[in-house]
Amino acid sequence: MPSNRVKPRTHEQGVALLTAIIIVSMASIAAVAMTHDLQLSIRRTGNIQTADQGYFYTLGSEAWSRGMLIRDLKNRKKKEDYDGLDEDWAQELPPTPLEGGEVRAVTTDLQARFNLNNLYLEKEAKDEDKKLAASALTIFQRLLRLLELPESITQATADWLDENVNALFPNGAEDMEYLSLDPPYRTANGRMASPTELRLIKGVDQEVFEKLAPYITALPERSAINVNTADKLLLQALFDGLDEADAELLLSEREENPFTETQTFLTKLNDILDENAVESEEIEPLLSVDSHFFQLETVVRMENSSQRLISLLHKSEKDVVVVSRTIGAY
Ligand SMILES: [Ca+2]
Ligand SMILES: [Ca+2]
């Protein structure tokens, strides 16, 4: 009779089984690791692709904004000889869906802001420039006062920008002030490349900067303030004695009839102030009714990422060109 008894496993069979189990485990580990690497690689490629796609969308938005300004330039030749908030370029593009995400864009007139570089002075500055810088200093001082910030910041900012190394009295600050800090640094003694440079200046902490940020800019050259786009607070900073209600009158006037000449604006201003309080000759070079510098901010949101592009655009008499691009903060 055949025996039903199972043969006892030999020692060799046990070792073979164990070896097989080890080999299978190792193969599984290797397979898992390879799959994991592959998944990471796919995800990484996907992220790069999404980021690239987002960047191209921001460039598309920039081209669109530039097109709007070029159109404005052509209209200007026809009749509309001003830059105001009622014009097409000034309208915000609300979140607009696009393949895989959405885009939002807003064009801001940078001449609606106070240009910090108006405080810049060459070493051998002409009297005319000195006069303009002194007027800018007064405007900046009034802006700080209206924002309830220390007015002493004006002198330190002027010192940061002017090419000389003599500190203004009593609140100025040149190299000696900053070289004693940790880490030490020197004054720029030149134009600012970005308004964020203000954070380096004596008396400007994050809180001060954030309060000032919506009202300031740093343009590559001296610029006038566009009275058709400037904020109410900045209009008040322009003229001593112009209170909030007066400034609101100017805002409603320009909403009805945007100013096409600075002289019209000054006449209206003198009407409001009910006196000839404004010295037209002094203030006129600081004002304009149109603008050359614009900022476009585009935010593109894709599945898991978002891209922010800040473009600085210059509108001349003939064309609109992109001066600089910054990804992230400006
Ligand atoms: Ca215009
Ligand atoms: Ca200086």
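Since the structure is predicted, the reported quantities are computational estimates derived from the model, not experimental observations.

Here we look at unusual backbone geometry
Outside of glycine, negative phi angles account for most residues, and trans bonds account for most peptide bonds.
And step 1. For the peptide bond that leads from F169 to P170, omega is 0 degrees, which places it in the cis range.
And step 2. Looking at the secondary structure, you find P170 in the loop between α3 (153-161) and α4 (175-179).
And step 3. Across the junction of D182 and P183, the peptide omega takes the value 0 degrees, indicating a cis bond.
And step 4. The topology assignment puts P183 in the loop between α4 and α5 (206-212).
And step 5. Positive phi values are uncommon outside glycine, yet E148 reaches one of about 55 degrees.

Some words on the nonpolar core
And step 1. In this structure, F114, L143 and L234 are the most contacted members of the largest nonpolar core, which totals 59 residues.
And step 2. Here this core takes six residues from helix α2 (residues 127-146), the largest share from any one element.
And step 3. If you count residues domain by domain, this core takes at least three from each of domain 1 (12-112 + 230-330) and domain 2 (114-219).
And step 4. Excluding residues that lie within four positions of it along the chain, F114 makes contacts with I139, F140, L143, Y215, I216 and L234.

Quick notes on the pairing of strand β8 (residues 306-315)
And step 1. Taken together, the nine bridges between strand β7 (residues 293-302) and β8 define a ladder with antiparallel strand orientation. Its bridge partner being in β8, L296 is matched across the sheet by S311.
And step 2. Linking β7 back to β8 in an antiparallel pair, the connection comprises three residues.
And step 3. As paired elements, β8 and strand β9 (residues 320-327) share seven bridges and run antiparallel to each other.

Re the domain arrangement of the protein chain
And step 1. According to the domain assignment, the protein chain contains domain 1 (12-112 + 230-330) and domain 2 (114-219).
And step 2. For domain 1 versus domain 2, the separation of C-alpha centres amounts to 26 Å.
And step 3. Counting residues at the interface gives twelve residues for domain 1, matched by eleven residues for domain 2.
And step 4. It is helix α6 (residues 232-238) that provides the largest number of residues to the side of domain 1 that touches domain 2, a total of five residues.
And step 5. Each residue belonging to the side of domain 1 that touches domain 2 can be placed in one class, and the counts come to nine nonpolar, one polar and two charged.

Conventions and cut-offs
- Residues numbered from 1 in each chain as written.
- Chains lettered and ligands numbered in written order.
- Predicted model: local features only at pLDDT ≥ 70, side-chain atom pairs only at ≥ 80, totals over all residues.
- Helix = DSSP H or I, 4+ residues; strand = E, 2+ residues; numbered from the N terminus.
- Core = buried A, V, L, I, M, F, W, Y, C linked by C-beta atoms within 7 Å.
- Buried ≥ 20, exposed ≤ 12 C-beta atoms within 10 Å, placed from the backbone.
- Domains from an automatic or database assignment.
- Contact = placed C-beta atoms within 7 Å.
- Pairing = 2+ DSSP bridges.
- Nonpolar A, V, L, I, M, F, W, Y, C, P; charged D, E, K, R; others polar.

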